[in-house]
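# Report on the structure
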Amino acid sequence: MKFVLFIMLVLLSSCAPKLYVIDRQTVIETEATGDFPNLQKSFEKRAENFGPKMVDRSRLKQKEVPQRAYNILNGELTSETAKK
Amino acid sequence: MKPLKSNFISHLLTISLGMQIYLFSSSLADAADQKTYAEKTLLQKNELIIPQRMTVGPNDNFQTAVSSDSKSIFFTGSTHLAERIFIQDIRSGFSRSFIDDKTDSKDPSLSPDGKTLAYTSFRHDARGDICIQSLSDKKEKCITGKDSEDRSPFWIGSQKIGFLTRRWIEEPYSIGVLSLDHLDQKPKILFLGDIADPVCSKEVNGSRWLAYTKIINGRTTIEVRSISEAKDEITTSERISFSVDLPGLSSFPQFDSDGEYLYFGQYTSDTNRDFQVDGRDKSALYRIRLKDILNKAEGFPEPLSSIEYNCNYPSPHPSGLFVTCASPDLTGDGSLDIYRLPLSGMIPESWNEKKILRGIETARSYSDRILLYYSLMSKFPQYRKNETLEKVLSNYIIDGQLASAIFYAQKLESKKAEGNYYKLLEILLTAELKAKQERDGSLSSTFRSFIDEELKKVNALHSSEPAWNSIVSARLLLLAGRNADANHAIATNKAQTIKSPLVLYYYSQVLRSLGKETELSLLESLAQSDLFTESAQVYYSYEFLRQIDAVYQKKDEAGRLRYLNETKNKLTKKNSSLAHLIDLDLELAGFKSDDIKNESNQKVYAELLKNISEEKPHYFLYRAMLVRSVLTFSKKSFWNYMYFISSTWLNVASTEYSEYSSARRQFLSIGLEKAYGRWGAKEYSYAGDQFSITSRLTDDLEAHHGFIRSRLIENKKKDIDDMYKSLKKDGYIGENLIYVSALLTIFDYQGAHPNEIDEKLFKSNLESLEKMSVVSFNPALRFYLMGYLSHKLFEAKIRAGDQDSENFEKSERYYMLALDLSRDNERVVSNLLFNLAMLHQLAENHGQSLTFFELRKTNIFEDLEEKAAFNWYYGKSFFYNLQPANALAVTEAFLKEKEVEKKYPEFYEKAAFYAAQANDFQKSKKYYETFFQLEPHSLSDRMAPDWIRIQMGYGYALFKLKRSNEARSVFEKIMELNSLSNSEKQVGKFLPLVQYQLLALGFLAQLETNKTEKIHLLSRRFDLYKKQGGNLDQILIKKEDWLKTLLTIQNQIAETELDLNNSNKAMEELSNSLSIVSDLRTTTGNSLDRVDVMSLTNYFAAAVALKERDPSFRSKDLGKALELGSTTHLALQPFPELKSAPEYDAFEKYFLKIKSSQK
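First things first, this report covers the structure right here in the doc. Because the structure is a prediction, the values reported are computed rather than measured. (Residues numbered from 1 in each chain as written. Chains lettered and ligands numbered in written order. Predicted model: local features only at pLDDT ≥ 70, side-chain atom pairs only at ≥ 80, totals over all residues.)

## Let's talk about the overall build of chain B
What counts here: Strands here mean DSSP runs of E at least two residues long; helices mean DSSP runs of H or I at least four residues long; both are numbered from the N terminus. Working definition of burial: number of other C-beta atoms within 10 Å of the residue's own, with buried at 20 or more, exposed at 12 or fewer, and partly exposed in between, all C-beta atoms being placed from the backbone. Placing a C-beta atom from the backbone of each residue, one calls two residues in contact when those atoms lie within 7 Å.
Across its full length, chain B carries 45 helices and 25 strands. Along the three orthogonal principal directions, the C-alpha set of chain B runs to about 120 × 90 × 70 Å. Burial status across chain B gives 47% buried among its 1159 residues. Taking the contacts inside chain B whose residues are at least 6 apart along the sequence as the reference set, 52% of them involve residues at least 24 apart.

## Here we look at the sheet that holds strand β2 (residues 60–66) of chain B
Residue and element names in this part refer to chain B. To be explicit about the condition: Strands qualify as paired when DSSP identifies two bridges or more between them. Geometry is summarised by axes, namely lines fitted to C-alpha atoms with helices restricted to the contacting stretch, and by angles between N-to-C directions that run from 0 to 180 degrees.
Within the open sheet, the 4 strands sit side by side as β2-β3-β4-β5. Their pairing is antiparallel. Edge positions in the open sheet fall to β2 and β5 (95–97), since each of these has one partner strand only. Here the average twist between neighbouring strands, direction ignored, is 30°.

## A short note on the interface of chain B and chain A
Our working rule: Three categories are distinguished: nonpolar for Ala, Val, Leu, Ile, Met, Phe, Trp, Tyr, Cys and Pro, charged for Asp, Glu, Lys and Arg, and polar for the others, with Gly belonging to the last.
Each partner contributes to the interface: chain B provides 107 residues, whereas chain A provides 65 residues. For the side of chain B that touches chain A, the element with the highest residue contribution is helix α21 (residues 658–680) of chain B, accounting for 10 residues. Its residues assigned to classes, the side of chain B that touches chain A comprises 48 nonpolar, 32 polar and 27 charged.

## Comments concerning the sheet that holds strand β8 (residues 129–134) of chain B
All names here are of chain B. Ordered by their spatial adjacency, 4 strands build an open sheet running β6-β7-β8-β9, and the pairing between neighbours is antiparallel. Bordering the open sheet on either side are β6 (105–110) and β9 (140–142), each of which pairs with just one other strand. On average, adjacent strands in this sheet sit at an angle of 25° to one another, irrespective of strand direction. Inspection of the sheet shows strand β7 (residues 116–121) paired to β8 by 6 bridges, in the antiparallel sense. Bridging from a neighbouring strand, Y119 pairs with C131 of β8.

## Here we look at unusual backbone geometry
All names here are of chain B. Within the chain, E899 stands out as a residue other than glycine whose phi angle is a positive 70°. Of note, E899 is situated in the loop between α32 (884–895) and α33 (900–903). With 9 C-beta atoms packed within 10 Å, E899 lands in the exposed category. The phi dihedral of N919 is positive, around 65°, even though this residue is not glycine. Relative to the helices and strands, N919 is located in the loop between α34 (906–917) and α35 (921–933). Residue classification places N919 among the exposed positions, given that 11 C-beta atoms sit within 10 Å.

## Some details on the packing of helix α38 (residues 993–1007) of chain B against helix α39 (residues 1011–1026) of chain B
Residues and elements named next belong to chain B. Which entries qualify depends on this criterion: Between 65 and 115 degrees an angle is taken as roughly perpendicular, under 35 as roughly parallel, over 145 as roughly antiparallel, and anywhere else as oblique. Crossings are sorted by hand: turned counterclockwise from the far helix by less than a right angle, the near helix makes the crossing left-handed, and turned clockwise it makes it right-handed.
In contact at an axis separation of 9 Å, α38 and α39 are set at 155° when each is read in the N-to-C sense. Between α38 and α39, the angle falls in the class roughly antiparallel. Between α38 and α39 lies a crossing of left-handed hand. Seen from α38, the contacting residues are V994, Q997, L998, L1001, G1002, L1004 and A1005; seen from α39, they are K1014, L1017, L1018, R1020, R1021, L1024 and Y1025. Partitioned by chemical class, the residues of the contact of α38 with α39 number 9 nonpolar, 2 polar and 3 charged.

## With respect to the environment of B:I216
One can find B:I216 in strand β15 (residues 208–216). When the C-alpha positions of B:I216 and B:I195 are compared, they lie 9.3 Å apart, and in sequence the two are 21 residues distant.

## What about the packing of helix α41 (residues 1063–1084) of chain B against helix α42 (residues 1090–1109) of chain B?
Residues and elements named next belong to chain B. At a minimum axis separation of 9 Å, α41 and α42 run at an interaxial angle of 150°. Relative to α42, the element α41 lies roughly antiparallel. Crossing geometry of α41 relative to α42 is assigned as left-handed. For the pair formed by α41 and α42, the contact residues are S1063, A1066, M1067, L1070, S1073, L1074, V1077, L1080 and R1081 on the first element and D1092, S1095, L1096, N1098, Y1099, A1102 and L1106 on the second. Its residues assigned to classes, the contact of α41 with α42 comprises 10 nonpolar, 4 polar and 2 charged.

## Here's the deal with the environment of B:Q437
Within the secondary structure layout, B:Q437 lies in helix α9 (residues 421–437). On a C-alpha basis, the gap between B:Q437 and B:F447 in space is 9.5 Å, while along the polypeptide they are 10 residues apart.

## Looking at the pairing of β2(B)
All names here are of chain B. Across the 7 residues of β2, 6 count as buried, placing the element largely inside the fold. Alignment of β2 against strand β3 (residues 72–79), held across 6 bridges, turns out to be antiparallel. When the sheet's bridge partners are listed, V66 is paired in β3 with I73.

## Quick look at α21(B)
All names here are of chain B. To keep things clear, this is the line we draw: Here, expected helix span is obtained from the residue count minus one, scaled by 1.5 Å.
Taking 1.5 Å as the rise per residue, α21 with 23 residues should run 33 Å; its terminal C-alpha atoms sit 33 Å apart, in good agreement. Burial analysis of α21 places 21 of its 23 residues in the buried class, which makes it a mostly covered element. With its phi angle positive at about 60°, K682 sits one or two positions after the end of α21.

As structure tokens, then:
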């Protein structure tokens, strides 16, 4: 006679997929996606710098050189009209 | 040796021609006479002193107390509304909690002898207690109790503490005093009232003074009383109120250590637009002599900071004035931090009247102008007159600080009474201020009624300026949304009849709002109005050009030039600022390239220079022409001409005045721009030359960095050595050699050992950099390098499987300091943000890491490789933050870019993986197959861990899609492997082959439809799993989970045997599982574990079923099973809810059945 171990279905689901689900993200990464160490080494080198980006101003978002020196202020709206 | 003779300068001279040589060498002649340190001193004397930042980070840091040895500061730090007192070493910048982490505390106040810190603590009383702690033994003693709310401690000498106290919230505060010798006594109450921020001076000429903020009818004022201690009795005199002649509210008084000055903050403007000036608004700092307060002398407080910096909580100390200022961070939110200024504030003490006046003229912000006007009024009584007040009023109006403008309108009205002119202005300003409180798009009925009332007032007033009434009315009507009425109100006005510049200013605003004239036409009229001063005309002329730029943008240069010519021809005043600026723009359009040898360019440049030079006597126009020229050349990437104009500007600026420092700073930044321009054009030699010129003139770290990189890329190391020997010899470089040396060391090392870390080398360079004491130009780069070295040291520890909180904290702090100091430097900020994102990812602060990636993504990428690196880690960051869908979106977006498929096919694999994690298995399969089709080099080694991992991912996707045959084929390939090829073994990042094969077997078993074969696979899995008992670390499994998995497999085998009607084999398997149940119990100490119980239940259920079938059946190891079952049964009894759960209920049923059958 065949009887059903009803909990089997639950236990079955605790096979490989359950290991995927309950493990930490890094373990999932280690099990199921490429590390590509050579590529990562080159990326790491580009990601971590210790100085400014060596690009000319035209490539930056801010096209005008940010300098307080370039601020042009409005003159005072006083009752004197003599030009300075 | 004079710098003119050095090789790189000679090299430059030989490529320059004609006037360019003259200009260039003249600037060098200027430079040749000046040493780096002298230049620094020169700059410091001639510009406003910027507050120096002491603390960093996202928390708010405020309220400073300085140690007596000037080496540390105590302050309150606020994180998520929890406040704690910190102590920070001034030199290193490292801070730590001073009071323990579990207790909220604030208001640090150090005793005059420097030995005891008093503060408000919430450890024992949620309402606050005054506690003291000796700095030597760190023992805390709380001197007030739970029966009162106590806060804001201050010292009266070193033996008495004053503080604010009250029993109930409805009561006003009192000032209480306790003596350290008689802490058991009740505090002596001096007086009570709506008071805040009390403070006491040191004893001066036998007197001590108490100051505090008094709140009267919602306004604050500062009061002073003398405080005397006679025969152990402490008393105060009658109060002396003094109101400062400034708009806004006074707050946070503090005496300096000599008792000469009283410092305070003044909230001047309703900057958060709630129509009230209060603690949420911007403030500036002032000081006033105590004797002037006591003598009630007429005076004006000395301004110490401009509103722009938004500073308060002054804490004067012999080593400087420590203040709290609010500044925006990169996200746009503000945070409070501690800063330091000289005791005399932002204006150098040496500035005389002439310098201050010149400073006003050359000011670059309205706040700076106001600061300098206040300084004039403070130092020179002759400036305390209406003319100055009008100028201050005017600046507040233009800067939009309406509450302060109202103050001065009222003042001038009371003083001048010029035919209701200022009264009308006050009405207008008040209405504008009220309008800001209204919600956008809908005006309240209260506001509309208010406007109606104000209109009546306006109509009843007669102004000396006829147009003024109608303009004010029109403005009020516009604020009420009554445009047609406003139009009618000014219908008869003509600009020509207006007599006052302020009236004209508002008239133009009305016209603008009504759309009666285009912006360009308005600006054109304003620029030519004789009512305005030269500087105003120049301003409107400049705005006119900027508006034209906006209209035509880059698309229609011909159209822009045509418009300029038409305007020029129409102008009646051919010698106006507008005419000159239009001419300038037309000349600038004549430059076709940056080629200085081009004859046409040379001719145009000569003309340009001549026209600019002719305007030298007209300072504002001259400066506007220089600015326009520099920025135009910059936009066109004409670096040579940009540099020439910039150096012209510098050559002409007088070293005596603040204009020199502005000219200098822009010249240096342009020098760097030119160098970067050369680099961008791959002219590395010239780039290096330009960087070296700038570094010689300024000792700027960014220039040093650029020079070194330029020479290294051409492998000219000897040039670097020669250059720095020369700089050192001539005194052009000092302590910054430490930075240069560290930089060279790191470049050298990384060139020879990419991706490696020499901990000893990095640590020694970090220590050298940490000892640097000089704050140089661009100190951001020093902190950046220090952050990088600490980051690498942290990384080395992580790679070795260790932790390292010290280097992590150092790295983060240095990076944040660098970020704060380089906020306007996009080149530095974009790289720094990437570093910070990577640092936090390494430290597994994934939320924080993602924040930095988000900030970084809006900046430029130098090339595809950098963009690829960014998207690689950005996608990972989303994955680590449990957002696989976003990780997929980032990866897919990047894959759409040109050349990515060819150069970085690995992104397809990542897209496949993220898609699977996001449960889009169809997409996952598609991306895997695309990846395989591309035959990437990274997949060529079929024994590499990467190959297996990718196959596992692919197989899983197929499995989930129920593509059984394809999935089986993938997993079988994994089972065929005998070993993995060597790969970098980083702890936690490398799994042995067996781990993958265990997983593969699990999948194969699930896919197998033939039961016999399935049992075979499960048995194989079981055996392989069992062998890993001594290897659990390698496969990242805990012992209890290993045992549970073994149990699970055994039960799966048993079930499958039953499917094949192999009852005896099933029973055998379940019997074998009992020893594992026993091991599991020994490991966990738990007899109610779910897997354990289910396994036992299966045994008993099988035993019951087989017994029913065949009464003679004897279960193997029944005794052992009953023993285990009894323990579980007993353990279950106290938990009826657990017993009723299906799996435990089943256990009870079968266990009791078997047990009863044994009787």
